[in-house]
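Residue strings, one per chain:
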Amino acid sequence: MDRKFESFADAITGIDEEISFPPEYKVILLNDDFTTKEFVVAVLMEIFHKNQEDAVAITNKAHEKGSAVVGIYSFDIASTRVALAVQNARQNGFPLQCELEVV
């Protein structure tokens, strides 16, 4: 029996299914009137690995627009970094908040 396959993946697996990747998540920084810009920049640099120029730009955008996208990550990375940022903020007396949004 000679079987023709639609794609290379079908030929290897013999299954007619599409491969799906896990969703990615946007980390969104929310502005507040209490967390200092200096602290936010430091969090973006230390936890989200942003350079100073990007960290300042994200901080300023959140301040001006009410929120700013920090980056797009897998769920595990996004949720861990958000938890670390919020925990760090609370330990320093700031109400910093971030949200996750499916891309």
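Above this text you will find the structure in question.
Residues numbered from 1 in each chain as written. Predicted model: local features only at pLDDT ≥ 70, side-chain atom pairs only at ≥ 80, totals over all residues. Heavy atoms only, no water.

Peer 1: Could you give an account of the overall build of the chain, naming the residues involved and the relevant values?
Peer 2: Within the chain one finds four helices and three strands. Starting at the N terminus and ending at the C terminus, the chain contains elements arranged as α-β-α-α-β-α-β. Residues counted as buried form 30% of the 103 residues belonging to the chain. Sequence separation of 24 or more characterises 67% of the internal contacts of the chain that already satisfy a separation of 6 or more. When the accessible surface of the chain is summed, it comes to about 7400 Å², and 53% of that surface belongs to carbon and sulfur atoms. (Helix = DSSP H or I, 4+ residues; strand = E, 2+ residues; numbered from the N terminus. Buried < 20%, exposed > 50% of the residue type's maximum accessible area, 1.4 Å probe, protein only. Contact = heavy atoms within 4.5 Å. Areas by Shrake-Rupley, 256 points an atom, 1.4 Å probe, with all protein chains shown as cover.)

Peer 1: Can you tell me about the side chain of Asp32, naming the residues and giving the values?
Peer 2: Assignment of secondary structure puts Asp32 in the loop between strand 1 (24-30) and helix 2 (37-46). Arg90 provides the closest opposite charge to the buried, salt-bridge-free Asp32, at an N-O distance of 7.3 Å. A polar contact is formed between the side chain of Asp32 and the backbone nitrogen of Phe34, at a distance of 2.7 Å. A distance of 2.6 Å separates a polar side-chain atom of Asp32 from the backbone nitrogen of Thr35. Ignoring any residue separated from it by four or fewer positions in sequence, one finds Asp32 in contact with Pro95 and Leu96. (Lys, Arg positive; Asp, Glu negative; His and termini not counted. Salt bridge = Lys/Arg side-chain N within 4 Å of Asp/Glu carboxyl O. Polar contact = N/O pair within 3.5 Å; in protein donor to acceptor, adjacent residues only side chain to side chain.)

Peer 1: Lay out the packing of aromatic side chains with the relevant residues and their values.
Peer 2: Counted under the stated rule, the structure contains three aromatic pairs. Residues Tyr25 and Phe75 carry aromatic rings whose centres are separated by 5.1 Å and whose planes lie at 65° to one another, so their mutual orientation is edge-to-face. Placement of Tyr25 in strand 1 and of Phe75 in helix 4 (residues 75-91) is noted, with a sequence separation of 50 residues between them. With a centroid separation of 4.7 Å and an interplanar angle of 40°, the aromatic rings of Phe39 and Phe94 are classed as tilted. (Phe/Tyr/Trp six-rings, centres within 6.5 Å; stacked < 30°, edge-to-face > 60°.)

Peer 1: Please give an account of helix 3 (residues 52-65) that cites residues and values.
Peer 2: In a regular helix each residue adds 1.5 Å, so 14 residues correspond to 20 Å; helix 3 covers 20 Å between its end C-alpha atoms and thus fits that length. Listing the buried residues of helix 3 in full gives Ala55, Ile58, Thr59 and Ala62. Each buried residue of helix 3 sits inside an arc of 100° when the element is viewed along its axis, so together they form one side. Away from its buried face, by an angle of more than 90 degrees, helix 3 presents the exposed residues Glu53, Glu64 and Lys65. Looking at the packing, one finds that the buried side of helix 3 touches strand 1, helix 2 and strand 2 (67-74). Between the side-chain oxygen of the N-cap and the backbone nitrogen of Glu53 there are 3.2 Å, and the N-cap of helix 3 in question is Asn51. Just beyond helix 3, the residue with positive phi is Gly66, at close to 100°. (Expected span 1.5 Å × (residues − 1). Arc of directions from axis to C-beta.)

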